[in-house]
Number of protein chains: 2
Amino acid sequence: MMSAQGSPVRQSSVRAHNLALVLQTVANSPDPISRAAVATVTGLTRATVSALVDDLVTGGLLTEREPAPRTGAGRPAVGLAVAPDGPAGLGLEINVDYRGACVVDLAGTVRHRLVEPGDQRLAGPQEALAGLGRLAARARALAEADGLTVAGAVLAVPGLVTAGGVVRIAPNLGWQDVVVGELPGGPAMTVDNEANLAALGELDVGDLPRDFVYVSGEIGIGAGIVLDGALYRGSRGWSGEIGHIPIDPDGPACRCGARGCLEQYAGQEAVLRAAGSDTVAALAIAAAAGQAAALDALTAAGAALGTAVATVVNLLDVRTIVLGGCYASLLPWLRDGIAAEAGRRVLTAAWSPVQLRAATLGPDAAMLGAAGSVLRGVLDDPARWLSRPRP
Amino acid sequence: MMSAQGSPVRQSSVRAHNLALVLQTVANSPDPISRAAVATVTGLTRATVSALVDDLVTGGLLTEREPAPRTGAGRPAVGLAVAPDGPAGLGLEINVDYRGACVVDLAGTVRHRLVEPGDQRLAGPQEALAGLGRLAARARALAEADGLTVAGAVLAVPGLVTAGGVVRIAPNLGWQDVVVGELPGGPAMTVDNEANLAALGELDVGDLPRDFVYVSGEIGIGAGIVLDGALYRGSRGWSGEIGHIPIDPDGPACRCGARGCLEQYAGQEAVLRAAGSDTVAALAIAAAAGQAAALDALTAAGAALGTAVATVVNLLDVRTIVLGGCYASLLPWLRDGIAAEAGRRVLTAAWSPVQLRAATLGPDAAMLGAAGSVLRGVLDDPARWLSRPRP
DNA sequence: TCAAATAATTCAACCAATAAACAAATCAGC
DNA sequence: GCTGATTTGTTTATTGGTTGAATTATTTGA
């Protein structure tokens, strides 16, 4: 009778857990919140909350603010809010036609955003990474000028990433087995897939359920799978390769070597070619104008996407699909095609139809999600941040 | 900046966790294990382990046994093993052509197994459930005669089950919205999907990784998805409906209303019809004899299965697929077809090919998994069992 | 001005794990 | 057969953390 093996728990783990609980409660509250309110929300004692808050305030994660507007008698509460000068997340991205960096603070506000357009395929991995390093250094300097401490950096790339921070293959960048090193003089950096991080970004800002799949329509098609409020990366971090779900086993050849992959029906290039448009923006304009070629192309893409969505929903039983990348702006014309095919093929569609939503973050989703995932690390384990080695 | 909300942790939670850790360590050990060994394995102190073991022994979950054969000097150890007369799991199953019950103890040994063949479609839900109740009562009596206490019961059915214990639809039983009530006079019973429970059964006994997908080939095709050592049920419990993954959008009509579902290519009925065999056993004999019709049918089914497997692996990045139900015995002739198609379509196949394994538990997998899931509940939270209300 | 109400802190009590000392039981060597 | 080494298991004092009750602080309303 096997069961999952864990590690021993000591009292300090209790404190670490409750510290995170208090911090997250404050962070999730839209307004400054009192210690007493935190106590009732979390179920902890007021005494305990006071002790934990003391640690968080002296550690620079929380600050006392003006209390929320009073009501009734009694001693006025002292408001608690996340510190605006505490840790910050550095989100980085290298994509086909730009590279970027952003700084987000614990409150979730974007403090800085730097984007350099330019074809990264021509630049090659060395030059792209060097340029990214310069961008990251600038962003870090801006953050420190604000009094922020960069807690970590995460880089989003459109490709398969291994645990060790190696980009196995990023077809649309032309990268293969690229070792992403350290940020020169910077904080620790990890690398992750663009769609995964974009899904986290949408989870951070959106009103989304605990289970959803984010589908990213870029040059390739990727997906970020969020199960139970956490990203599912797969055993090797290569989950969500939705672009190569077979739609028709005898369909057109794909550059992955197989036939009939989704990318050949609903990938950006295939749709633009079928519609006769040059850019996604032009396609949206053509569709809005009612041009038949555009509408037909989008209907066909929607049907293929709907078939893939049906597969995902039948397999994972997620209720919500978030469409991002170029699909976000095209969703008005894709929606019917997706919904029709999914409604026909999802076994449970009759009782519980699939919800389709457009992503809200736009092209910065992955970069913002990358920064957010750094902050999530602090929110999930503030004890580590409090006891970090300091210069 | 949202993050998952938890509940407060007190000291008693620490004890509950460590209690589970010690119990699982003993349960996972093939031989009786000493307190000192448990301490080194878990990382807890010998003193702590002694205290926790005392609780578990007086609570009837562990017993002291003859120590394992000695080695070297020193005071001889006292062996610890899971109690053979502690809690037991009652596993129940209603399937197309039989109903069954089994009693499994904490050590994982099957203490009793009762199976009544008979077409449950003809019987109808009321009669099937009444018969199951009688079977469960007999199994429970046998367990109590052994000194076991039945800790709970889980029923496996081939269909979609909602959280409230209602069978939404079980097409092959002909059930629809069947409310599975209480077991008369028995322990609490929950209902779950057959493939899910079979996956748990294989996880319990097999040498399997923490992530795998169990594919069950019965009249329908279902899948149990195990991620990170735990069953993934989906937000409503309807995950794993692999049988209706589209293989060819213009394929034959399926009884689900769509076209070209996997079930139409690799379902038991489709394969037997194509091969001209009456039963799975006859098909296996024909294939072993090299009959062309049988081999062709299995090759075609393997290709369809391989396409579906490729979809699953591209999406979830699981390395291992366990084939159960009728596929277990037919795997020798399915393997090449599955491997070829999966190798072509899985994006990461070149670096890390998909591992195909035959299930080891045979037709009882779901029933045993059902019993095992009861015991898993005790192993995961022994504190609840120790403080249970007693008659 | 005083009582009621609410917020936050202080302090003793309790619970659980730890570390270290101690008791128990065996083996190995002479 | 005795002695010392060795390993197991228990005992005891200590530490870290939460709780609950009492206390202090600060405001509103009569």
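Keep in mind the model is a prediction, meaning the values are calculated, not measured.

1. A short note on the overall build of chain A
Here's step 1: Secondary structure assignment for chain A yields twelve helices and 15 strands.
Here's step 2: Taking 391 residues into account, the globule formula puts the C-alpha radius of gyration at 21 Å, and chain A, at 23 Å, falls close to it.
Here's step 3: Its C-alpha atoms put chain A at 70 × 55 × 50 Å along the principal axes.
Here's step 4: Among the 391 residues that make up chain A, the fraction classed as buried is 55%.
Here's step 5: Within chain A, contacts between residues separated by at least 24 positions form 62% of all contacts whose residues are at least 6 apart in sequence.
Here's step 6: When the accessible surface of chain A is split by element, carbon and sulfur atoms take 53% of a total near 15700 Å².
Here's step 7: Taking the average location of the 30 positive side-chain charges in chain A and that of its 37 negative ones, the two points are 6 Å from each other.

2. Considering the protein's contact with DNA strand C
Here's step 1: In the neighbourhood of DNA strand C, 27 residues make up the surrounding shell, with Arg10, Gln11, Ser50, Arg75 and Val78 of chain A lying closest.
Here's step 2: Among all atoms of DNA strand C positioned within 4 Å of the protein, those belonging to sugar or phosphate total 71%.
Here's step 3: A distance of 2.8 Å is found between a phosphate oxygen of DNA strand C and a side-chain nitrogen or oxygen belonging to Arg15 of chain B.
Here's step 4: One of the backbone N or O atoms of Arg75 of chain B is found 3.3 Å from a base nitrogen in DNA strand C.
Here's step 5: For the surface near DNA strand C, the elements supplying multiple residues, two or more each, are helix H2 (35-42) and helix H3 (46-58) of chain A together with helix H1 (11-28) and helix H3 (46-58) of chain B.
Here's step 6: Looking at which element gives the most residues to the surface near DNA strand C, the answer is H1 of chain B, with four residues.

3. Details of the relation of the copies chain A and chain B
Here's step 1: Once chain A is rotated about the relating axis by 180° and shifted along it by 0.0 Å, it coincides with chain B to within an RMSD of 0.1 Å. Seen this way, the second copy is the image of the first under a two-fold rotation axis. Across chain A, the rotation axis passes nearest the C-alpha of Asp248 of chain A, at a separation of 2.6 Å.
Here's step 2: The share of interface residues of chain A whose copies in chain B are also at the interface is 100%, consistent with both copies meeting through the same surface.

4. What to know about the domain arrangement of chain A
Here's step 1: Domain annotation of chain A identifies domain 1 (11-82), domain 2 (87-199 + 365-378) and domain 3 (207-359).
Here's step 2: Computed over C-alpha atoms, the centres of domain 1 of chain A and domain 3 of chain A are 42 Å apart.

5. A closer look at the pairing of strand E4 (residues 98-105) of chain A
All names here are of chain A.
Here's step 1: For E4, the tally of buried residues reaches eight of eight residues, placing the bulk of the element in the interior.
Here's step 2: Of the two faces of E4, the one lined by Tyr98, Gly100, Cys102 and Val104 and the one lined by Arg99, Ala101, Val103 and Asp105 are each fully buried.
Here's step 3: Judged from the eight bridges that link them, strand E3 (residues 87-95) and E4 form a sheet pairing that is antiparallel. Note on E4: the bridge partner recorded for Leu92 is Ala101.
Here's step 4: Connecting the antiparallel pair E3 and E4 is a turn made up of two residues.
Here's step 5: Of the pairings in the sheet, the one linking E4 to strand E5 (residues 110-117) comprises seven bridges and is antiparallel in character. Pairing of Val103 across the sheet is with His112, part of E5.
Here's step 6: Turn length for the E4-E5 hairpin, with the two strands adjacent in sequence and antiparallel, is four residues, and the turn residue Gly108 shows positive phi of about 95°.

6. As for the sheet that holds strand E8 (residues 166-170) of chain A
Hydrogen bonds between backbone groups are what pair the strands of a sheet, and the pairing can be parallel or antiparallel.
Residue and element names in this part refer to chain A.
Here's step 1: What the three strands build is an open sheet, ordered E7-E8-E9; its pairing is antiparallel. At either margin of the open sheet sits one strand with a lone partner, and together these are strand E7 (160-161) and strand E9 (175-179).
Here's step 2: Two elements, E8 and E9, share four bridges in a ladder whose sense is antiparallel. Counterpart to Val166 in the pairing with E9 is Val179.

7. Quick look at H3 of chain A
Residues and elements named next belong to chain A.
Here's step 1: In this model H3 runs 18 Å from its N-terminal to its C-terminal C-alpha over 13 residues, within 8% of the 18 Å that 1.5 Å per residue would give.
Here's step 2: Those residues of H3 not exposed but buried are Val49, Leu52, Val53 and Leu56. All buried residues of H3 fall inside an arc of 105° around its axis, so they share one side. Of the residues in H3, the exposed ones pointing more than 90 degrees away from the buried face are Ala47 and Thr58.
Here's step 3: Where the residues of H3 are buried, they touch helix H1 (11-28), H2, strand E1 (62-65), strand E2 (79-82) and helix H12 (382-386).
Here's step 4: Looking one or two places after H3, you find Gly60, whose phi comes out positive at around 85°.

Rules and cut-offs
- Residues numbered from 1 in each chain as written.
- Chains lettered and ligands numbered in written order.
- Predicted model: local features only at pLDDT ≥ 70, side-chain atom pairs only at ≥ 80, totals over all residues.
- Heavy atoms only, no water.
- Helix = DSSP H or I, 4+ residues; strand = E, 2+ residues; numbered from the N terminus.
- Rg over C-alpha atoms; globule rule 2.2 N^0.38 Å.
- Buried < 20%, exposed > 50% of the residue type's maximum accessible area, 1.4 Å probe, protein only.
- Contact = heavy atoms within 4.5 Å.
- Areas by Shrake-Rupley, 256 points an atom, 1.4 Å probe, with all protein chains shown as cover.
- Lys, Arg positive; Asp, Glu negative; His and termini not counted.
- Charge placed at Lys NZ, Arg CZ, Asp CG, Glu CD.
- Near = heavy atom within 4 Å.
- Polar contact = N/O pair within 3.5 Å; in protein donor to acceptor, adjacent residues only side chain to side chain.
- Least-squares fit on C-alpha atoms with pLDDT ≥ 70 in both.
- Domains from an automatic or database assignment.
- Pairing = 2+ DSSP bridges.
- Expected span 1.5 Å × (residues − 1).
- Arc of directions from axis to C-beta.

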